[in-house]
Amino acid sequence: MSNPLLQADTASTQSLPPPGLVEKVSLERYVPPRKPSLVGLSRAKLADAFAAIGVPAAQRKMRVQQLWQWLYVRGARHFDEMTSVSKELRAQLDAHYTLARPEVVAEQTSVDGTRKWLLRLPGGHAGGPPHEVECVYIPEPDRGTLCLSSQIGCTLTCTFCHTGTQRLVRNLTPGEIVGQVMIARDSLGDWPSAERANKGSGVRLVSNIVMMGMGEPLYNFEAVRDALLIAADGEGIAISKRRITLSTSGVVPSIPRAGQEIGCMLAVSLHAARNELRNELVPLNRKYPIEDLLQACREYPGLSNARRITFEYVMLRGVNDSVADAKALVKLLKGIPAKINLIPFNPWPGTGYECSDWDQIETFSEIVFNAGYASPVRTPRGRDILAACGQLKSATENLSARERLALRAMAITD
Ligand code: SAH
Ligand code: SF4
């Protein structure tokens, strides 16, 4: 594929992708550390890791169970905490592996309780600068939602999204994805068996996960799947699949896989009810038009009135926010068990879009409501730490100062 971005200097300050570009390819490569982390490995891969250090086959299953418990129930960070494992084996594990999660560079807590972590991940070039991504926790009275990133940057080029303008892309590993959940649990004292746990209630602070941070999760399918299956595993982190939502801009061929292989809830970034406009806002629409996308939604495994698809719709002034647009939207979604999430656009430096006026959002929301959809408009949270929708800082060291200071996008569904 001829990709003009590939010829560019990675340190260049140019940020906007050329018009007409539907997707980018990774410019960055994951370089595994000399001592790999066991975080994010499936049970089968953990068994291989034990095999590699000479643990006899007959013992591996039991060892995997032990390690799984230590890692995902107790949140162990060092092998020497694992008192049920023999000293010799602990030393052997320590010689070959780590239990590293992404490194936390900074943590900020908003007055409303929203918490944001800036995480450092290894860069793709030997000796090159590391990458940074953010992860946000939003507490609400009945739940606590963690918003995870799946890529550094994004493969796609949605015109209203700041992440879409960044050239640097690297897929996160399963460990880097599930590691974000572990970091949140560390920081919130949310491990069920940890001393600091949210005692007595049996209710976890991190009760929900949304894949709505940086990146297109379906363009990093295997890693996202492996990480979410670990997060949902009943003998570990144990967040129910009904409380895990994957948001996609519409990678149609991978939508059935998300249902079959992960079994999570689905959110679709629709943003327009007609192809002409969606081609402009979400260029991937040129590859997978609205009809194909909605067909994949209708066929989504497990779809029912109790398990609806969330359709996200960013409110852009004078672009997609007219009464006619609202009517077209409800007509389009007729017959699909759906929730509609209207997201006020969060501007970023250099964008040509503006957020719709509040009156317009209300009018739009009323049409959606009258058609039978609850249409909560998300109140931005964590404004004081810039963790609200569309306000995550893009912090990749390789980016220009302007880009680094620029704001990025995020939204949370129910
Ligand atoms: N790539 C996935 C998930 C990450 S984006 C996706 O596109 O669905 C999460 C949500 O934030 C998407 O619905 C996206 O359209 C929305 N979004 C992106 N930029 C935004 C902005 N500046 N203001 C408001 N929402 C934005
Ligand atoms: Fe990527 Fe989602 Fe942003 Fe589109 S909206 S560029 S898919 S992160």
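Up top is the structure.
No experiment lies behind these values; they were computed from the predicted model shown.

A. Broad picture of the overall build of the protein. The secondary structure content of the protein amounts to 11 helices and 13 strands. Of all intrachain contacts in the protein linking residues separated by at least 6 positions in sequence, the fraction that spans at least 24 positions is 66%. Counting every atom, the protein has about 17,100 Å² of accessible surface; 53% of that belongs to carbon and sulfur.

B. Up close: the pairing of strand β4 (residues 143-147). For β4, a buried count of 5 out of 5 residues is recorded, marking the element as mostly surrounded by other parts of the structure. Going residue by residue along β4, you find Arg-143, Thr-145 and Cys-147 tucked away on one face and Gly-144 and Leu-146 tucked away on the opposite face as well. Across 5 bridges, the pairing between strand β3 (residues 131-140) and β4 is antiparallel. The residue bridging Glu-140 from the neighbouring strand is Arg-143, located in β4. Between β3 and the antiparallel strand that follows it, β4, lie 2 residues. Bridging between β4 and strand β7 (residues 208-211) involves 3 bridges; their strand directions are parallel. Bridging across to β7, Cys-147 finds its partner in Val-210.

C. Seen up close, unusual backbone geometry. One non-glycine residue, Ala-238, adopts positive backbone phi at about 55 degrees. Among the structural elements, Ala-238 can be located in the loop between α5 (221-232) and β8 (244-248). For Ala-238, a relative accessible area of 41% gives the class partly exposed. In this structure, His-271 is a non-glycine residue whose phi angle is positive, near 65 degrees. By secondary structure assignment, the location of His-271 is in the loop between β9 (265-269) and α7 (275-281).

Definitions and cut-offs
- Residues numbered from 1 in each chain as written.
- Chains lettered and ligands numbered in written order.
- Predicted model: local features only at pLDDT ≥ 70, side-chain atom pairs only at ≥ 80, totals over all residues.
- Heavy atoms only, no water.
- Helix = DSSP H or I, 4+ residues; strand = E, 2+ residues; numbered from the N terminus.
- Contact = heavy atoms within 4.5 Å.
- Areas by Shrake-Rupley, 256 points an atom, 1.4 Å probe, with all protein chains shown as cover.
- Buried < 20%, exposed > 50% of the residue type's maximum accessible area, 1.4 Å probe, protein only.
- Pairing = 2+ DSSP bridges.

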